Amino acid sequence: MPLFAANLTMMFTEWSFLDRFDAAAEAGFTAVEYLFPYDVPPEAIAERLARNNLQQALFNLPPGDWAAGERGIAVLPGRFDALKADIDRGLEYAAATGVKRLHLMAGLADPSDSETATRYRRSVAYAAEQLAEKEIDLLIEPINGRNMPGYFLNDFGAAERLIAELGLANLKLQFDIYHRQIMHGDVTVALRRLMPITGHIQIASVPSRHEPDGEELNYPYLFAEIDRIGYDGFVGCEYAPRGRTLDGLDWFKPYARS
Ligand SMILES: O=C(O)C(=O)[C@H](O)CO
Ligand SMILES: [Mg+2]
């Protein structure tokens, strides 16, 4: 049975960020993920995880100035020192929460810049090497251009090639099924073929990005397939509830912790 992680950035937004941990546990989740924890102290998060017996499945390394439109700095010129500091900050939260996988966002790329791919490769290699010392996996996630116009890593093939070229054991794919369906389709066969390099899976309905309970994808079939191929990681519920979070959890009831 898939190990679902409530995404506390998109779900349970009826509560304050820290109270979302309690609400997710109460709803039957045993794990959580979110985009960024950096607005609250790491020890406050650690306390909520312990109080609720929750596992920390994933979060993102700092993304640069999100409010200003940055979506990662790994591709940006002149930001390598900032990237190093961001990795240190992410590792501080990793130590407090026990998370074993961190997502490095790539950033928005200038199509005219011939050095973008070189900078990205250097950033990914450096981040993976830093995380390997702490036995943490570094994840890279292809993101579709409708949701994030200009995002550099916008193709599963490019992610697969970089992972193969760098050959770092802790560098893995963040397989967001929502993005996969939008960019490439062929979800089931891709899950089977990419499982050896997959470090995390995320789900949402397509095209709405609401609960995984209909629309283009047959999620009960995909959940059974994830079990069949032996994936033993987390499945992050990175969706925006149609209404109140608790009203949209019928899809989850067969999997909830009793
Ligand atoms: O956009 C996504 O699907 C992600 O998982 C990123 O981490 C946040 O944008
Ligand atoms: Mg995602």
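Residues numbered from 1 in each chain as written. Chains lettered and ligands numbered in written order. Predicted model: local features only at pLDDT ≥ 70, side-chain atom pairs only at ≥ 80, totals over all residues. Heavy atoms only, no water.

- Per an unreviewed UniProt entry, the chain goes by the name TIM barrel protein and belongs to Sinorhizobium terangae.
- Checking UniProt for the chain, the heading Sequence similarities (unreviewed entry) contains the comment "Belongs to the hyi family." (UniProt positions renumbered as here; feature names shortened; annotations may be inferred.)

Structural notes on helix 2 (residues 42-51)
In step 1: Among the residues of helix 2, those classed as buried are Pro42, Ala44, Ile45, Arg48 and Leu49. Down the axis of helix 2, the buried set is contained in an arc of 160°. They therefore lie on one face. Facing away from the buried side of helix 2 by more than 90 degrees, the exposed set consists of Glu43 and Ala50.
In step 2: Where the residues of helix 2 are buried, they touch helix 1 (17-26), strand 2 (31-33), strand 3 (55-60) and helix 3 (80-97).
In step 3: Downstream of helix 2 by one or two residues, Asn53 has phi in the positive range, about 55°. (Buried < 20%, exposed > 50% of the residue type's maximum accessible area, 1.4 Å probe, protein only. Helix = DSSP H or I, 4+ residues; strand = E, 2+ residues; numbered from the N terminus. Arc of directions from axis to C-beta. Contact = heavy atoms within 4.5 Å.)

Quick word on the site of ligand 1
In step 1: Lining the immediate surroundings of ligand 1 are 13 residues, of which Asn60, Glu141, His179, Arg209 and Glu238 lie closest.
In step 2: Contact between ligand 1 and Glu141: an oxygen atom at 2.9 Å from a side-chain N or O atom of the residue.
In step 3: Compared with its free state, where it exposes 260 Å², ligand 1 has 94% of that area covered by protein. (Near = heavy atom within 4 Å. Polar contact = N/O pair within 3.5 Å; in protein donor to acceptor, adjacent residues only side chain to side chain. Areas by Shrake-Rupley, 256 points an atom, 1.4 Å probe, with all protein chains shown as cover.)

Observations regarding the coordination of the magnesium ion (ligand 2)
In step 1: Within the first shell, the magnesium ion (ligand 2) binds the protein through Glu141 (OE), Asp176 (OD), Gln202 (OE1) and Glu238 (OE), at distances of 2.0 to 2.2 Å.
In step 2: Coordination at the magnesium ion (ligand 2) is octahedral: its six donor atoms span angles of 77 to 174° at the metal.
In step 3: All donors of the magnesium ion (ligand 2) come from a single chain, and their spacing in sequence reads E-x34-D-x25-Q-x35-E. Of this pair, Asp176 sits in strand 6 (residues 171-176) while Gln202 sits in strand 7 (residues 198-203); the two residues are 26 residues apart in sequence, bridging distant segments of the chain.
In step 4: Residue Asp176 is classed as buried on the basis of its relative accessible area of 1%. (Donors = N, O, S within 2.8 Å, 3.2 Å for Na, K, Ca; no water. Tetrahedral: all angles 85-135°; square planar, octahedral: opposite > 155°, others 65-115°.)

Some points on the layout of surface pockets
In step 1: Roughly 200 Å³ of internal volume is contained in the largest pocket.
In step 2: Around the largest pocket, the lining comprises 20 residues; the ones closest to its centre are Leu35, Ile143, Met148, Arg209 and Glu238.
In step 3: Looking at the lining of the largest pocket residue by residue, the classes come out as eight nonpolar, seven polar and five charged.
In step 4: Roughly 170 Å³ of internal volume is contained in the second largest pocket.
In step 5: Every residue lining the second largest pocket is listed: Leu8, Thr9, Phe17, Arg20, Phe36, Pro37, Tyr38, Asp39 and Val40.
In step 6: Across the lining of the second largest pocket, the residue classes tally to six nonpolar, one polar and two charged. (1 Å grid on protein atoms, 1.4 Å probe; cavity = no way out; pocket = protein on both sides within 12 Å on 5 of 7 lines; lining within 4 Å. Points joined across faces, edges and corners; volume = space filled by probe spheres on them. Nonpolar A, V, L, I, M, F, W, Y, C, P; charged D, E, K, R; others polar.)

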